[in-house]
Amino acid sequence: MMVHTMHRESPDKGLDSGKYVRYTPEQVEALERVYTECPKPSSLRRQQLIRECPILSNIEPKQIKVWFQNRRCREKQRKEAARLQTVNKKLNAMNKLLMEENDRLQKQVSHLVYENGHMKHQIHTASGTTTDNSCESVVVVSGQQHQHQQQNPNPQRLQRDANNPAGLLSIAEEALAEFLSKATGTAVDWVQMIGMKPGPDSIGIVAISRNCSGIAARACGLVSLEPTKVAEILKDRQSWLRDCRSVDTLSVIPAGNGGTIELIYTQMYAPTTLAAARDFWTLRYSTCLEDGSYVVCERSLTAATGGPTGPPSSNFVRAEMRPSGFLIRPCDGGGSILHIVDHVDLDALSVPEVMRPLYKSSKILAQKMTVAALRHARQIAQETSGEVQYGGGRQPAVLRTFSQRLSRGFNDAVNGFVDDGWSPMGSDGGEDITVMINLSPGKFGGSQYSNNSFLPSFGSGVLCAKASMLLQNVPPAVLVRFLREHRSEWADYGVDAYAAASLRASPFAVPCARAGGFPSNQVILPLAQTVEHEEFLEVVRLEGHAYSPEDMGLARDMYLLQLCSGVDEDVVGGCAQLVFAPIDESFADDAPLLPSGFRVIPLEQKSTPNGASVNRTLDLASALEGSTRQAGEADPNGCNFRSVLTIAFQFTFDNHTRDNVASMARQYVRNIVGSIQRVALAIAPRPGSCISPVSAPTSPEALTLVRWISRSYRVHTGADLFGSDSQTSGDTLLHQLWSHTDAILCCSMKTNASPIFTFANQTGLDMLETTLLALQDLTLDKTLDESGRKALCSEFPKIMQQGYAHLPAGVCASSMGRLVSYEQATVWKVLEDDESNHCLAFMFVNWSFV
C-alpha cells in the first residue's frame, strides 16, 4: 500500500507550506511501538527510527515529530476525559444521594408540621374542657395506637418460638424494616454533624441522632466497589473497628428468601481503664432487596425480642444494639451508594458519672464506628484502583496490618483481660498507677507474640503500667500533636533504650526513670497515611548520644513504629491517639510489636455562664495569654470541656528483674503524668485559675547571653534594643528581653549542620508554640518558608560584614505547623566579649497567626 500525501499551501503566505500525511496502518503500528517505549523521542532517536523502519523512509523527520506531539496530546486528552467522566459519575451519584436526602427531609418536615398541628388541636381541645376524664379521653383517642403498642409491642412476638428458624426470621424481618426506616426514612430525627459537607471527594453525609433512645449515627457516601465487595469488607468488623476485640459467629442459618441469619457474639475493648468493656449478643441478617440492593442489618437478642440466650460474660457489661447495619445500593456506572446506621445503648449508668458523657455521645459513636466503616471501605476502594501510593516497598495490606497490630496491642494493654493471661501486681502504696503482668506472652496479643525470638533475654513475661487522668480544656488533637513532635518533653531515653533491648540478645540493666533522661533527636520517617489523612503510620529514629563512658551502651540509634491519629482539630467528637513500639533495623513484616502510648478522648463540652461558645479550641498563644489572668477572672469565651487521657507502657522482664522493672515502670509513668500536666497547663490553662506566666531563666549563662544580645544590637544598629529607658543591670536586661513585645530568638551558627534555635523570649516561645526545653528540637530551615530562606541567604554576606540586616515581611511556621505572618524581621550577629561570633539573633516584628 502506498503512502498518500497531500500538499497544500499554508493560509499564511509568510509561513512555510505545511505537509499533511496520511499514515498507513503499518506505519501507525511501528510508531505506536516506539511511543510505548518512549513517548517523547529525541531528534536522534527519530532519525534512527526512519533508518531502521523502511516503511517510514519517505516521511520527513519533522512530520514524525508532529505525529508524536499529536499522540501525546491525544493521550493527555484521553486521560482528562476519563478523569472528567469519573468526576461526572461521582457528581451524578452524589446528586442522587442529595436528592434522596432532600426527599427524606421533606417527609420529616411534613411529619413535624402534621404533629405540630395535631398538638395545637389537642391543646385547644384540652383547654375547652374542665374535667380530668375528658382530658384523659383525648389522650387515649390521640395515642391509642401508641398505647396498644406499648401494652403489646408485637402481637406476633408473644406467640412465636424465637428459638427456631421461623422465629429468628421473624425477628430478622422486623430488624430489617426498622433499620431501613432509620437509613432512608424518618424513624430517627437526624442532625447533620458540623464540618461534614457533602461533595464528590468528601466522606459523605454524616448525621447524629437527636432526642433518641440510646445513641445513634448515620452516614451516606459513595464507594467505588461493587455491593458484594463492600459487604464483605464491612462484615469483617475487626479489620476496621479498632475497638473490636473479637467476633464469634456461633450459628449460621439459611433464610428461606435466599438470605442468611447469623448469631454473633462480639467483644469490645474499653477505651480507658476507668470502665468495664462491653459485649453484644446479636442476630445479623444479610439479604438482597427487590431493587438489587444488598442489606446487612443487626440487632441484639434480649428477653424482649426472644431468641437464644447469648454466652455469659463475667468481665463485660452487656450492651444493646438497636436495629443497625448497612444498605448497599448499586450505582449507575459502577460503584455503590452506602448507607450506614449505628444505634446502640452502652448502659451509661454502669460507668462512673464523670465517664458517662463518653457513653452518651452520638458524636463519638459516629467517629469511632460509623465514619470509620465508611472511611475503611473508601480506603480499600482507592487502594484497589491504584490511587494510593505507599513508600518503603510494602503493600497497603501489610501496612494496614501494622496499624491494626499497634492498636490491638495497645487496647490489650489498657484492658488487661484475665483470659489473655494478665494479672495485677501488688501496689506500692499509691493508687494512681496500675501495674499488671502477663506470664504467658504467647497467648497475649495473638500471633505477634508467638515468635520464640521475641524475648531473647527477657523470657518470663510482659509488664504493663497504666493510668488514666482527666484533663480540663485541653484539645486532644493539640496534646497528641505536641507529644508526637516533642518527645524530649516527656520521654526518658534510658527507658526507650531498655524497651528496645528486648529485641537484642544483650540486655541493658534496668534504668532509673528520671525526668528528661538522655537528650536525643528524633527523625520521623513517613510510611503510610489514610486517604483523608486522619491516621498515619511512621518510623521514628531516635538518635543516641553518649556524654560519659558509662553511657556508651545507650549511644546508638533506636527505631519506633508509630501510629498517630486524630490530630485534626476540626473533627467533632474524635479521639486522638499516639501508639508506638520499638523495632529493629530490619523491620520485617512479621516483626514483634509491644505497643505503648497515649489516647485522649473528649468527654463533654459546655458553655460557662459568661460565654456562649461551645466549639472554641484553645491554641498555645491564646492559652499563654489567658495564663496571665488573675484568680477569679473568667474565660471570656466561656469554654469548658473535659477529656480523659489513658496512658499504657509495656516492658519485658525476667524473673530476676520483675520487681525492678515494676518499680521503674511506675516511676516512669508518674513522671510522664507530671510532664503532661505541665504541658496541659501551657497548652490550655483552666479558666479562672491563677497560673503565672512562664518565668524567665535566671542562670548566669542566660544573663550573659542577654547582655551580649543587647550590646551587639546597639553596636551594629546604633539603636537600643529596649529603648532609651533601658537599664544596664543583668536582671533588669533579662526581664526586659523576656517580656519584649516582639519575638526574639537566637540561632546557632553551624556551618556543617542546619542551624537550631538555642534561646527565645516569652513572645518567641508563643510564636513558635513551644517551650524552652523543646526549642532545641526546632531548626531554622523548617521554621522559615522558602522565600524567607532565600531572603536570609541573600542578606547573609551583609549580616557577616555589616553586622545586621532587615528581612522583608514574610511567613514562617510554628512547631505545631501553623503559619505565622510578620511585618519585618531584623537579624544581627551576637558577639561575645572577645568579639567572636556567638550566634545569630532574630527579631520578628508584629507577628500573628494566619
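Each remark here, short or long, concerns the structure printed above.
Notes on the structure in this doc start here. Please read these numbers as outputs of a predicted model, since none were measured by experiment.

### Points about the overall build of the protein chain
When helices and strands are counted, the protein chain shows 21 helices and 30 strands. For the protein chain, with 850 residues in total, the buried portion stands at 49%. Put simply, the protein chain shows about 40,700 Å² of open surface, and 52% of that area lies on carbon and sulfur atoms.

### Examining the environment of alanine 665
Assignment of secondary structure puts alanine 665 in helix α16 (residues 658-683). Looking at alanine 665, the relative accessible area reads 0%, which means it is buried. As a C-alpha pair, alanine 665 and isoleucine 433 span 232 residues in sequence and 9.3 Å in three-dimensional space. Ignoring anything within four residues of it in the chain, the contact list for alanine 665 reads Leu463, Ala465 and Phe651.

### With respect to the packing of aromatic side chains
In the structure shown here, the tally under the stated rule is 17 aromatic pairs. Each ring, one from phenylalanine 316 and one from phenylalanine 417, has its centre 5.2 Å from the other, and the planes form 20°; the classification is stacked. Taken together, the residues span a long stretch of sequence, with phenylalanine 316 in strand β10 (residues 316-318) and phenylalanine 417 in the loop between α12 (396-415) and β14 (422-424) at a distance of 101 residues. Assessed through its relative accessible area of 11%, phenylalanine 316 is described here as buried. A connected cluster of aromatic rings, assembled from ring pairs, spans Trp490, Tyr498, Phe580, Phe598, Phe649, Phe651 and Tyr668. Note that arginine 245 overlies the ring of phenylalanine 417, its terminal NZ or CZ placed 4.0 Å from the centroid. One cation-aromatic arrangement involves arginine 487 over phenylalanine 580; the distance from NZ or CZ to the ring centre is 4.7 Å.

### As for the nonpolar core
In terms of nonpolar packing, the biggest core is built from 53 residues, with Leu463, Phe598, Phe649 and Phe651 touching the most fellow members. Tallying contributions element by element places α16 first for this core, with 12 residues. Apart from the residues within four sequence positions on either side, leucine 463 is in contact with Met425, Val435, Met436, Ile437, Phe649, Gln650, Phe651, Phe653, Arg658, Val661, Ala662 and Ala665.

### Here we look at the pairing of strand β16 (residues 461-472)
Burial analysis of β16 places 9 of its 12 residues in the buried class, the great majority of the element. As paired elements, strand β15 (residues 434-438) and β16 share 5 bridges and run antiparallel to each other. Pairing of isoleucine 437 across the sheet is with leucine 463, part of β16.

### Observations concerning the sheet that holds strand β24 (residues 757-760)
Strand order in this open sheet of 5 strands is β24-β23-β29-β28-β25, and the pairing throughout is antiparallel. Both outer strands of the open sheet, β24 and β25 (804-807), are each paired with one neighbouring strand and no more. Pairs of neighbouring strands in the sheet enclose a mean axial angle of 25°, with direction left out of account. Here 8 bridges tie strand β28 (residues 824-831) to strand β29 (residues 837-845), and the two strands are oriented antiparallel to one another. Paired with glutamine 824 across the strands is valine 845, a residue of β29. Taken strand by strand, helix α21 (residues 786-802) contacts β25, β28 and β29, and its axis lies near 155° from that of β25.

### Re the environment of aspartate 432
Secondary-structure assignment places aspartate 432 in the loop between β14 and β15. Aspartate 432 sits in the partly exposed class, given a relative accessible area of 42%. For aspartate 432 and valine 669, which are 237 residues apart along the polypeptide, the C-alpha to C-alpha distance reads 9.6 Å. Those residues in contact with aspartate 432 that sit more than four places away from it in its chain are Lys466, Ala467 and Arg670.

### Observations concerning the sheet that holds strand β27 (residues 819-822)
If you walk across this open sheet you meet the 3 strands as β26-β27-β30, and the pairing is antiparallel. At either end of the open sheet lies a strand with only one pairing partner, and these are β26 (810-813) and β30 (848-849). With 2 bridges connecting them, β27 and β30 associate as antiparallel partners. Note that in β30 the partner of valine 820 across the bridge is phenylalanine 849.

Reading the values: rules and limits
Residues numbered from 1 in each chain as written. Predicted model: local features only at pLDDT ≥ 70, side-chain atom pairs only at ≥ 80, totals over all residues. Heavy atoms only, no water. Helix = DSSP H or I, 4+ residues; strand = E, 2+ residues; numbered from the N terminus. Buried < 20%, exposed > 50% of the residue type's maximum accessible area, 1.4 Å probe, protein only. Areas by Shrake-Rupley, 256 points an atom, 1.4 Å probe, with all protein chains shown as cover. Contact = heavy atoms within 4.5 Å. Phe/Tyr/Trp six-rings, centres within 6.5 Å; stacked < 30°, edge-to-face > 60°. Lys NZ or Arg CZ within 6 Å of the ring centre and 35° of its normal. Core = buried A, V, L, I, M, F, W, Y, C linked by side-chain atoms within 4.5 Å. Pairing = 2+ DSSP bridges. Axes fitted to C-alpha atoms, helices over the stretch in contact; angles between N-to-C directions.

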